[in-house]
There are 2 protein chains.
Amino acid sequence: MAVELQHLTKRSENYSQWYNDLVLKADLAEQSAVRGCMVIKPYGYAIWEKMQHQLDKMFKETGVQNAYFPLLIPKSFLSREAEHVEGFAKECAVVTHHRLMNDPNGGGVVVDPEARLEEELIIRPTSETIIWNTYKNWITSYRDLPILVNQWANVMRWEMRTRLFLRTAEFLWQEGHCAHATAEESEARTVEMINLYADFAEKYMAMPVIKGVKTANERFAGAVNTYTIEAMMQDGKALQSGTSHNLGQNFAKAFDVTFVNKDNKPEYVWANSWGVSTRLMGALIMTHSDDNGLVLPPNLAPIQVVIVPIYKNEEQRNAVTEKVHPIVNALRAKGISVKYDDADNRRPGFKFADYELKGVPVRLAIGARDLENGTVEVMRRDTLQKEIDQLDTIVDRIPALLEEIQENIFQKALKQREEMTVKVDTWEEFTQAIEKGGFILAPWDGTTETEERIKELTKATIRCIPLGQPDEPGVDMLTGKPSPRRVLFARSY
Amino acid sequence: MAVELQHLTKRSENYSQWYNDLVLKADLAEQSAVRGCMVIKPYGYAIWEKMQHQLDKMFKETGVQNAYFPLLIPKSFLSREAEHVEGFAKECAVVTHHRLMNDPNGGGVVVDPEARLEEELIIRPTSETIIWNTYKNWITSYRDLPILVNQWANVMRWEMRTRLFLRTAEFLWQEGHCAHATAEESEARTVEMINLYADFAEKYMAMPVIKGVKTANERFAGAVNTYTIEAMMQDGKALQSGTSHNLGQNFAKAFDVTFVNKDNKPEYVWANSWGVSTRLMGALIMTHSDDNGLVLPPNLAPIQVVIVPIYKNEEQRNAVTEKVHPIVNALRAKGISVKYDDADNRRPGFKFADYELKGVPVRLAIGARDLENGTVEVMRRDTLQKEIDQLDTIVDRIPALLEEIQENIFQKALKQREEMTVKVDTWEEFTQAIEKGGFILAPWDGTTETEERIKELTKATIRCIPLGQPDEPGVDMLTGKPSPRRVLFARSY
């Protein structure tokens, strides 16, 4: 279906509606016939693929290998780890039968009541249980460790309220599951992966993030400690963008996975797991895009440069095409993804608007006049500014321009975050700040009770206890009890 | 767990056991705790990834884009296309509930009877139905066509008898789903994709295949025509390795997907679908491997060259390492995947056997004597032959050697297939030939009745009506009725 370049809701009018409009109109994803499950359309999937390829490369550089574990998990596995069952064994898709049959009353196909499974199977909401049940057979001695394995997979959580990319019943993700011989090594890997995610977010997504530790209350179910990266969206809300969990020996104990250590003694294996998902697509969209549409960082844009010819007749079109051809080849030789759009059934103005909507970082327009003058019009998507460049140096200009754009949108997002981050010390300041939106660094007495009371009163949660923050003794805003350092509060997605 | 280099069952003793042993001992895959579902281990997955990357590149070169559609399909969708429902709506995983709860009697978690779905959902056995239901909203005019979309996904068919890679309840695959404005264009794409699969099989897997058309009886459920590539395994059985289906307008009619054609008239859209799966892993293993283990084609080997140092002391090891370092770098600069295995906890003999088992195409061994002589021992996995080469030219030798191995294993497989393919004209010849194993080209009267009778009597099926075979009038072996040309019979996986 041809893209309909209708009015996109403005962010200032209705941020949430702007997001939904944009996801649909930029052809990124749409709702499917199955409640809460999305279809990721080719353009959206191309961005996700770019994320995958980069992350996969970064994982492998740290020694991680990919593998694949079953989609279905025996129901009993979920109950093995006491906290995990509370977190994951509730809203999930349950397979109870393995056969359909023709309805004896002629009503199409029905479930065959004879084909009931002895034990129900759950579509994985996450794979710790099935993987640790597998690792049991892979690990005997410290020589078998570490195991550094990742899988790219679909998972399912029966969410009640869903939003494209941000919260869907089925989503795509990667989940790394490492097994180590020592607590220290496992903790080091847990931290290594949150650092990797932060690097990816900042260098590829151009999205500044705050690294920190989750409070006990917000921890992954079954983890000893959860690290997170938190990004700020343009409406000031936080979006948890990646997590890395130190699982201690919890899953090893639940699945009885021991190894003989260097001292020849049996010991439970140390574990961590870490993941990012198609939620990153939502984060990417909401960090940079504007009222004209998507703004993509050049490092993740499926099309980095689009070239649109301007012509009045076939002869002019051919002249432009002839001139553009070597430019396209030279840019591709530099590893730049270029599209030359000389389609005859859409006017240039329509193409311009469409590529703006799709967030293509650089647009070149070349007409008959340009050929005479040896010039080209260059528009950068991030600032929407145009410049006239020389045709014979444009190939050298583009890589630098893409870098400039990448850096500019990062700095812009960083500036916004800094402007929307405040330190407060009193409850009055806090309640005012939270209504304005943004991140709030405030003291906290360290109790779940206070954390939950703040959430009830303001809908703000503790996003994390930021890493590398200096100790800063203070008093809790609500209870007056001592607070060792500030923590990061925000409303969140 | 350290690889145990136990005895691998010989192919001549028990081919089926040899295959199972090999899959487990080469660390490719294993059974999981969920009936019929496998765990693909890192080494096996690395081979599958190489297949994926190459296929994905080839698909994209023909204009295909990736996308992602839901895992779950509403039960009613499967019934829409009359033949499709017969083929796919029977043995499948059925999701009936969306919540678990704590057992009020304290027995862990149980299915919450209140959380029954209004309509059951099926884990996709293939995605034609959900995809055509989606395409309905994407297609209005001939300008929206063609749609050339592929997805990499997991699918599930509740198979009764499973074997690792060859037939598993859950498997990984890609499924392409194209929509076209004309029957001719759709047929051309269907053929293009079976040709692409054949190219991939022959050039990358080094596996010769026969391209052909399936009989009506063996067609995909819902297809007008199914193209297949059939490979011969070392035991003479056929393995269907990839299929491409011309679906005519069947799914467009079932899901009411019409477009306005160039004559401004509404018309049903023309469809095709095509796929290969992790079954190719089974094909790859069974085509080339021997009683020592895997034999991998260099084009798909995760490790193409392994270098093993031979040393008596630390000083010798360091001397070898120093010499090997620039060789490793030079090979990597040529895009060759190299592993230098100087691990101290395994003897060279153990390493040699392990890399043979794993099918690494080329093994270099370098000892103190070699350093003195400027030599290196080169073993090629396909022939197990050793040669002594000069250290200072080995970097130039390797790419040619890898090509030789790639070509040699293809030719070896081709020769075997040719030796095990016979033409027969009488029933007596046929029944003798089928007991020997291999491919049989024989006349057939074109009826499903005869085809099924032959299958009952001999377990042989018509693998395909080969493309490009000359017409060769004859008479059916069983019925004596006229046969326009020979068809390909074999027993199969």
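Residues numbered from 1 in each chain as written. Chains lettered and ligands numbered in written order. Predicted model: local features only at pLDDT ≥ 70, side-chain atom pairs only at ≥ 80, totals over all residues. Heavy atoms only, no water.

(A) Geometry of the packing of helix H9 (residues 314–333) of chain A against helix H12 (residues 394–419) of chain A. All names here are of chain A. Axis separation between H9 and H12 bottoms out at 10 Å; the angle between their running directions is 40°. Classified by the interaxial angle, the pair formed by H9 and H12 is oblique. Handedness of the H9/H12 crossing: right-handed. Contacts between H9 and H12 involve Ile 327, Ala 330 and Leu 331 from the first element and Ile 394, Val 395 and Ile 398 from the second. In terms of residue class, the contact of H9 with H12 is made up of 6 nonpolar, no polar and no charged. (Axes fitted to C-alpha atoms, helices over the stretch in contact; angles between N-to-C directions. Helix = DSSP H or I, 4+ residues; strand = E, 2+ residues; numbered from the N terminus. Parallel < 35°, antiparallel > 145°, perpendicular 65-115°, else oblique. Left-handed = near helix turned anticlockwise from the far one by under 90°. Contact = heavy atoms within 4.5 Å. Nonpolar A, V, L, I, M, F, W, Y, C, P; charged D, E, K, R; others polar.)

(B) Here's a closer look at the interface of chain B and chain A. On the side of chain A, 71 residues touch chain B, which itself brings 71 residues to the contact. Both sides of the chain B and chain A interface together cover about 5600 Å² of buried area, and 62% of this is carbon and sulfur. A salt bridge links Lys 60 of chain B to Glu 49 of chain A, with the nearest nitrogen and oxygen atoms 3.1 Å apart. Taken together, the links from chain B to chain A amount to 30 residue pairs in polar contact (both at pLDDT 80 or more). By residue number, the principal contributor to the side of chain B that touches chain A is strand E5 (residues 91–97) of chain B, which donates 7 residues. Class assignment for the residues of the side of chain B that touches chain A results in 42 nonpolar, 14 polar and 15 charged. Relative to E5 of chain B, strand E5 (residues 94–102) of chain A runs antiparallel, the two sharing 4 bridges. Directly across from Val 95 of chain A, in E5 of chain B, lies its bridge partner Val 95 of chain B. (Buried area = accessible area lost by both parts, 1.4 Å probe. Salt bridge = Lys/Arg side-chain N within 4 Å of Asp/Glu carboxyl O. Polar contact = N/O pair within 3.5 Å; in protein donor to acceptor, adjacent residues only side chain to side chain. Pairing = 2+ DSSP bridges.)

(C) Structural detail: the sheet that holds strand E16 (residues 270–277) of chain B. Residues and elements named next belong to chain B. As summarised here, the arrangement of the 11 strands in space is E3-E9-E10-E16-E13-E12-E11-E24-E27-E23-E22, forming an open sheet in which the pairing is mixed. Only two strands of the sheet have a single neighbouring strand rather than two, namely strand E3 (65–66) and strand E22 (421–423). In the packing of helix H8 (residues 279–288) onto the sheet, contacts are made with strand E12 (225–232), strand E13 (238–248) and E16, and the angle to E13 comes to roughly 145°.

(D) Structural view of the pattern of salt bridges. Residues and elements named next belong to chain A. Enumeration over the complete set of coordinates arrives at 70 salt bridges over all chains. As a salt-bridge pair, Arg 346 and Asp 341 come within 3.4 Å of each other at their nearest N and O atoms. Taking the relative accessible area as the measure of exposure, Asp 341 reaches 5% and is therefore buried. One salt-bridge network, held together by shared partners, links Arg 380, Asp 382, Glu 387, Asp 389, Arg 397 and Glu 404. (Buried < 20%, exposed > 50% of the residue type's maximum accessible area, 1.4 Å probe, protein only.)

(E) Broad picture of helix H8 (residues 279–288) of chain A. Residues and elements named next belong to chain A. Most of H8 is tucked away: 10 of the 10 residues are buried. Residues Arg 279, Leu 280, Met 281, Gly 282, Ala 283, Leu 284, Ile 285, Met 286, Thr 287 and His 288 constitute the buried set of H8. Turning to H8, the residues buried within the fold contact helix H1 (15–25), helix H2 (42–61), helix H6 (183–203), strand E12 (238–248), strand E15 (270–277) and H12.

(F) Here's a closer look at the side chain of Ser 277 of chain A. Within the secondary structure, Ser 277 of chain A is located in strand E15. Sequence-distant contacts of Ser 277 of chain A, defined by excluding residues within four places in its chain, comprise Trp 48, Phe 171, Leu 172 and Trp 173 of chain A.

(G) Examining the pairing of strand E8 (residues 147–156) of chain A more closely. Residue and element names in this part refer to chain A. Taken across its 10 residues, E8 has 10 buried, putting it largely inside the fold. Of the pairings in the sheet, the one linking strand E3 (residues 65–66) to E8 comprises 2 bridges and is parallel in character. Its bridge partner lying in E8, Gln 65 is registered against Val 149. Pairing analysis gives 10 bridges linking E8 to strand E9 (residues 170–180), with the strands arranged antiparallel. Bridge assignment links Gln 151 to a residue of E9, and that residue is Glu 175.

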